[in-house]
Every structure is written in C-alpha cells, then in structure tokens.
Protein chains: 2
Amino acid sequence: MISGRTLLARADALAAITETPPALTRSYLTPEHKRASELVLGWMREAGMAAELDAVGNCAGRYEGTEPGLPCLMLGSHLDTVRDAGKYDGILGVLSAIACVDALKRAGERLPFAIEVIGFGDEEGVRFAGTLIGSRALAGSFDPALLELRDAAGVTLAEAYRKFGLDPARIGDVARKPSDLLAYVELHIEQGPRLEAEGLPAGVVTAIAGFTRLQVEITGTAGHAGTVPMAGRRDALAAAAECILAVERRGGEPGLVATVGKIEAAPGAINVIPGAARFSVDMRSADDALREAAIAALTAELRAITERRGVALDIRSTQSSRAALCAPWLMDQLGAAVKAEGIKEFRLMSGAGHDGMAMIRVADIGMLFVRCTRGISHNPAEAITAEDAEIGARSLLRFIRAFRPEGRTR
Amino acid sequence: MISGRTLLARADALAAITETPPALTRSYLTPEHKRASELVLGWMREAGMAAELDAVGNCAGRYEGTEPGLPCLMLGSHLDTVRDAGKYDGILGVLSAIACVDALKRAGERLPFAIEVIGFGDEEGVRFAGTLIGSRALAGSFDPALLELRDAAGVTLAEAYRKFGLDPARIGDVARKPSDLLAYVELHIEQGPRLEAEGLPAGVVTAIAGFTRLQVEITGTAGHAGTVPMAGRRDALAAAAECILAVERRGGEPGLVATVGKIEAAPGAINVIPGAARFSVDMRSADDALREAAIAALTAELRAITERRGVALDIRSTQSSRAALCAPWLMDQLGAAVKAEGIKEFRLMSGAGHDGMAMIRVADIGMLFVRCTRGISHNPAEAITAEDAEIGARSLLRFIRAFRPEGRTR
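Let me sum up the structure you'll find in this document. The structure presented is a predicted model; accordingly, all values stated were derived computationally and were not measured.

Reading the values: rules and limits
- Residues numbered from 1 in each chain as written.
- Chains lettered and ligands numbered in written order.
- Predicted model: local features only at pLDDT ≥ 70, side-chain atom pairs only at ≥ 80, totals over all residues.
- Heavy atoms only, no water.
- Least-squares fit on C-alpha atoms with pLDDT ≥ 70 in both.
- Contact = heavy atoms within 4.5 Å.
- Buried < 20%, exposed > 50% of the residue type's maximum accessible area, 1.4 Å probe, protein only.
- Helix = DSSP H or I, 4+ residues; strand = E, 2+ residues; numbered from the N terminus.
- Pairing = 2+ DSSP bridges.
- Axes fitted to C-alpha atoms, helices over the stretch in contact; angles between N-to-C directions.
- Parallel < 35°, antiparallel > 145°, perpendicular 65-115°, else oblique.
- Left-handed = near helix turned anticlockwise from the far one by under 90°.
- Core = buried A, V, L, I, M, F, W, Y, C linked by side-chain atoms within 4.5 Å.
- Salt bridge = Lys/Arg side-chain N within 4 Å of Asp/Glu carboxyl O.

### What about the relation of the copies chain A and chain B?
Think of it as a corkscrew move, a rotation about one axis and a shift along it, taking one chain copy to the other.
Then, number 1: Screw-axis analysis of chain A against chain B gives a translation of 0.0 Å along the axis, an RMSD of 0.1 Å, and a rotation angle of 180°. What the rotation and shift describe, once combined, is the action of a two-fold rotation axis. Taking the C-alpha atom as reference, chain A places Ala241 of chain A closest to the rotation axis, 2.1 Å from it.
Then, number 2: The residues that chain A uses at the interface reappear at the interface of chain B in 100% of cases, marking a shared surface.

### A look at the pairing of strand β7 (residues 210-219) of chain B
All names here are of chain B.
Then, number 1: Of all 10 residues that make up β7, 8 are buried, and the element is covered over most of its length.
Then, number 2: As paired elements, β7 and strand β13 (residues 312-321) share 9 bridges and run antiparallel to each other. Within β13, the position partnered with Phe211 by the bridge is Ser321.

### Here we look at the packing of helix α9 (residues 328-340) of chain A against helix α11 (residues 386-402) of chain A
Residues and elements named next belong to chain A.
Then, number 1: One way to put it is that α9 packs onto α11 with a least axis distance of 8 Å and a crossing angle of 125°. In terms of orientation, α9 lies oblique with respect to α11. Seen from above, α9 lies across α11 with right-handed handedness. Here α9 contributes Leu330, Gln333, Leu334, Ala337, Val338 and Ala340 to the contact with α11, which in turn contributes Ser395, Arg398, Phe399 and Ala402.

### Some points on the nonpolar core
Then, number 1: In terms of nonpolar packing, the biggest core is built from 107 residues, with Ile115, Leu157, Tyr161, Phe399 and Ile400 of chain B touching the most fellow members.
Then, number 2: A per-element tally of this core places helix α3 (residues 91-106) of chain B first, with 11 residues.
Then, number 3: When residues no more than four places from it in sequence are discounted, the contact partners of Tyr161 of chain B are Tyr28, Leu29, Val56, Ile133, Phe142, Leu147, Leu166, Pro168 and Ile171 of chain B.
Then, number 4: Leu14, Ala103, Leu147 and Cys372 of chain A belong to the second largest nonpolar core, which has 103 residues in total.

### Digging into the pattern of salt bridges
Then, number 1: Applying the stated criterion to the full structure yields 62 salt bridges over all chains.
Then, number 2: Ionic pairing is found between Arg316 of chain A and Asp314 of chain A, a salt bridge with its closest N-O pair at 3.6 Å.
Then, number 3: Given a relative accessible area of 43%, Arg316 of chain A falls into the partly exposed group.
Then, number 4: The exposure class assigned to Asp314 of chain A is partly exposed, which follows from its relative accessible area of 36%.
Then, number 5: Arg401 of chain B is the salt-bridge partner of Glu109 of chain B, the closest N and O atoms lying 2.4 Å from each other. Taken together, the positions of Glu109 of chain B in the loop between α3 and β4 (114-120) and Arg401 of chain B in helix α11 (residues 386-402) put the pair 292 residues apart, joining distant regions of the chain.
Then, number 6: Look at Arg401 of chain B and you get partly exposed, because its relative accessible area is 37%.
Then, number 7: The network of salt bridges with common partners includes Arg62, Glu64, Glu116, Arg176 and Asp180 of chain A.

This is the structure in structure tokens:
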C-alpha cells in the first residue's frame, strides 16, 4: 500500500524544483517554494485532505476523523532546504505523512481524531536569519520583529510575504491552541550514523538536543617567529589549541557532544607568532543541566589554560536552546509501531534541530528517525534506500492506526 | 664624534621616502628606492667615500685604506623595508657604518685595509618573491631565473631593472671574490627582546638561525556537529590542535624555536565538524643538525597523532635554510669593542634572517645587535634610543679601528 519507490520518486520530483540547478537549494518564500508547495498540496488533495497554503507559507492538509472538527494528530516536517542540499532532509517526513493519509483514504478509514499534515515553509533559516519560522508561527511563538529581517538582497521578510501573496498581518492567525493538537509527530532522516551502525532502518527519538554556542577570543602578543624566545611568548594560537582539546575532552563525556568548527589566527603569517585567535564552540546535550554544567566547567578550564599562559580570554555565548524532550507516551507508541514492523526498538537522541523544538510549546512531540547512508546530510550525497523509506512510512502508519492520545505529560 | 641624534634624524629622513605615506613602505627598484639611494649616496660621499649605485641597485661606497685597492672590510645592511615598517630595521646598520667612516675621515685616519659600506637594495623580498637579492648578487649567488619573477602588478624583475636604469645582463659584474673581502660585518637592531631583558644596549651575534618551514595538511571527515558521536569523529581541527601543541613543545627544547603562525579549518562552519585543517610550521635553530633532528622527531610525532586519530596527514617542507655561523674571530673582536665601551659582552643568536646569510658564501661574517624597544620590529612601533644608537655605532667604530683580519676559519 505504501511504496518506498513512490516516496523516493516524489523526493526526486521536489528536488527538481531548485534555485540553483542542478544543485538543490529551495529557500523560504521563493518562486521555487511556491512551485514545490503546489506539487505537495496536489498530493495532499489526492490523499483525501483539504489542503491550502497557510498564512505563513506552510502547506497545511487536513484529513477529518470520524466526525468533522476533531482535535488532530499533527504530522509534518519541512519543505525548505539548505544550500546544495540532499533530497530527504525534511521532505521525507512530509511525503511519508501524506503516504500514510493516502493509505487510510484508500482503505476508507476514518479515525477517532483528525490528521493534519504540515509541510513547513522554513525550518533551515537559509534565506532569513531566523529558523523554524513555519513551526514557530503554528506554535504561536512567531516574533513580529522577525518581519524586519532582510535576505542577502536586502528584501525584508515582510516584503517577501507580500511578494509571495501572503499578508504578514495575518501570520498570527496560524497559531494553534494546545486543545487542537493531540500530539506533533515527525518522521525525519537521522542525519547521523547511529542507526546504520546498529543495522536498523528506523529508531525512536528521545529528545532534540539543546545547545550552547560560544565565541571564544584569545588575545596574546604577536611577535617575530625567530626572535622571541619560547619562554617569553604569549602565543594566542597555541593557547587556542590547548582550549580546543579541552572542548573535545568535555564533549567526550557521556551525554554530550562538542565541536570547534571555526578557527582564525591573526595576523596569520607563517613567520609571526599569532597575537589573536578566535574559535567557535558548539556543545549539545539532551540534558540541559548536564550541558549547562559542562559549559561552566569548560569555561573554568579555558580560564585556567589562558591564565597559565598569560593570554586574555573573552567568551561570549552567542546562541543557546533548551533540549526538547519527546513525550514518553509517544516514544512508547512509536516504539510499539516499529517493533510491529519486526524491527528492534532503538532509542536515540537527535543532535540536529527540528520543528519539534518549536511545536513542543503547544503539543507533546514524538519523532521517528529513518536510517541514512553514512550519516551524511546537508549534502547532495544524502541517501536513503527505498526499503528504509517504506519501513519508516509503514511504521508511521502503524503508529497512526494504533494512536491513543494521552494527556500532556510534560 | 658619532651622534646618536644624527643617526635617528637620518633614519627619519629616510622614513619620509615611502610608497605609502604616512606609513613606511619602500620596496626594491621603486622611485622611492631611487630617492632613498640618492640621499644615502650623498651621505657616503660626505663621509669621504667614492659611492655609486651598483648594477643590482645597492648603494656601494668605498673608503680607501693606506693605499688604494686594498682588500676591504665590508660593512652594510639593507635600505628596503617591509610594508608598514619601522624606521631602523636595516637602515640603522647602513647609517652607523657611514657614521663610522665619517668619523675616520674627520680624524684623517686611513687604515691598512679599505672599508666598503653597502646599502642593499633588497633584503626583505616584499616586491618580488626573492629575498636577499642585493647581497646574493654581491656573493655571486644571484640566480638569473629570478629575473622572471613578477611583482603584484605583473612587472618582471628584469623589466623593473631596466625601468630603474639598470641592465639586468650586468648583474653578474657585482659578484665579489673572497680575496677582495676581509670580512662582512653588519650592525642591526635585535628585533627581539633579549638585550632589553639583559639590560644591555648591544650584543654580539653568534649565528643567524637556519629554518625549516612546513605546510601541514590534515584530512578527516566533515560531519554534523550534533549528530556524529564523539567516538566516531575524525575531526581534522582537533587533530591539528594536538599537533600544534606538539610543535610548541618541540620548539621549547634548548636551541630551538618553533611557531604555528597560520591555520585554516574547512568547511569552517560553527555546526560542522572540520573535515580538513591546514597549518604552517616555522622552526629555527643556530644548529642545523639539531633543527633537522627536531623536524624528523616532530614529523614522527605528528604521524603518530594523526594515525591514532584516524585522519590523513600530508607534510610538505616549503622552505629551508642552513644556519649562518658568525666567525669566532669576528665575535671576539666585536666583543672586545663592546667591552671597551664599558658594556658587558653578551652573545645571542639571530632568529631573524639577514644579508650575512648570503654574504657568508664569500666572507666570514659578524654581526652586532642594538637593543630595540620591547623587541618590536616589522611594525611602525619599532623604536630605539639615541643613546643605544650611539653606543652601537661607537662600538662598531672601535671594532673597525682595532680590526685585525684573520684567515677564514669556516
């Protein structure tokens, strides 16, 4: 009934709608966003849903339950992409949800709750600096200040809405009440290597990690690489190197990951001792208290390293987000669906961010991960198999059919 | 007889001849090089020297000894500068040598050897990629292949000679025979902090350090900073950080210095594990065998670090130079001159490169360092005191008057 090949063919069709052919880039409120939405809304309607673009540019489809107007189980993911993207990040979740509704419709099934499928217009935040704009609007946390954000061409978000045919004054209308929603459940490719390492096609997500991002700046003293004795040096890059290893060690503790992705040294000449170095830290955990304690310990450690070396340290937290915990009752029901497909139940954290981080404001959230090849994502090499796509969507359909709403347990 | 204030005033006059006012930049074969040379040649003639630009653009002055045509004690340094330079690097050595000859002329003294003073046109190599072009021509090691070098505007070195009024075919004529030269002695600012730390205005140089420069490239695997577990990472930057600390440790061994001045990580995003990192190594020592052994040990250490981390390592040696040892007999005579000025004799290595590296091919070399403020050089903040300039030049004059040539001891 659900065909993995059809899911992949639809992902191919969407990948052909791009701003940067042959590479895939589809960002928020572009003509490509509109064309992709028309395709997706068509598929939603074929699957028996009432489907429209909402006021913030999300594709929103609704399949009524045994009677009209029932609270809904919301399924969804995003339709926008990063630059030079893969075909499945976000997309697979929307296509799988549509395929599930299509299967219900073909079987003539109505459930004691409605199903809504949302293809969020913006999750990645490529065009405007905000991320999760689509889901934040649904969750009622869209900040009107975002309307002043400008894209690289200087177009404001407000102007982009008008050009797309949307009225920015009406964005507030898409906010949903918690009583409308029984849960928000998202299927997504893992974007990591753990399911592949476990030999499993799908797994149940326990939480979307919270993160802290730091900008670390070390100031030492530049000098001639030949004339300044080692003992008298205040080498900012050598200090940074010691700090980077401290970040790596800290990230190696259970429940954490930590990364230094960017580094610069100034003046940056082969024969000059660096007088300044700057690097980023990205630390993530499903456990906010653990992450906060680790950031505090790391900060103390960097302070000790730089004091010992006689260089100045400036640490600024540039961004942080709390972990979004998946509801245990949803994990249990998703786990039961996966097991019913004959797959060992495996639970894992999501290190990447997802729309659930916004949706948790108005609904309990659950996520199902589908294995992707070598954990590669945000890359044209992103790959899944038709078999895994089919298993993922079938598991989601089992979950839907067996869905028993429970009160919010958060 | 010798005035430190006059030396500083002349340095100021030369600093006013610049391509980038108010900053000081004076590079090889420019109109500013010509104007500065006219000024210097005038001072040489006032000091009783026959003085001309030679075929490679050096200012060359000669003060005959007790009879014409005697072998010479050659004194010199360079007149070109780095970009946004200080006023004394190179310049002070030329001005001090002229001041010494001027003092001899005023006293009516002729010595049993000639004195030649050379203001080299190119030591820094700012305009063309070659360095030490002036002294290499004198030492007979000018490589005609250099004539094809182009500056940033695409002008070849050969064209630049012609535009300056020189015939590139005649550069070979400036090469000197070892029998013409009793020694090559250069006074230079230290460009480092050691004399200041010792509380001494001048010191005797033991050697110009040899150096090895490496380009190190580490290739790991890029990945999502949130989704790849720490244990599965092949983080090129974390590996580079460990290598940088190994370079620093190695440079801390007696007789060595080592510096990582440049680093890059790719792709260089806050939320992406670096898949590649590249950094430079600059290692220097007065002892070639020590430096070579240290490079071999460092290479083995970097190999061990990268193998343990499962990342690929590529090390290329981009440049190297043997140490130029100052002749013990010249060190002794320079030391005696300094002591006669009432200064404790202090010997130190030059970590920076100097024209003696080229001149050692045709003459024993000696160098006298003059203290500079906080070791700062290659910077407009470069500073010396009139007192130190005077002590330096007076020591050089004492050395000249007491000079007893000895056979080459290398």
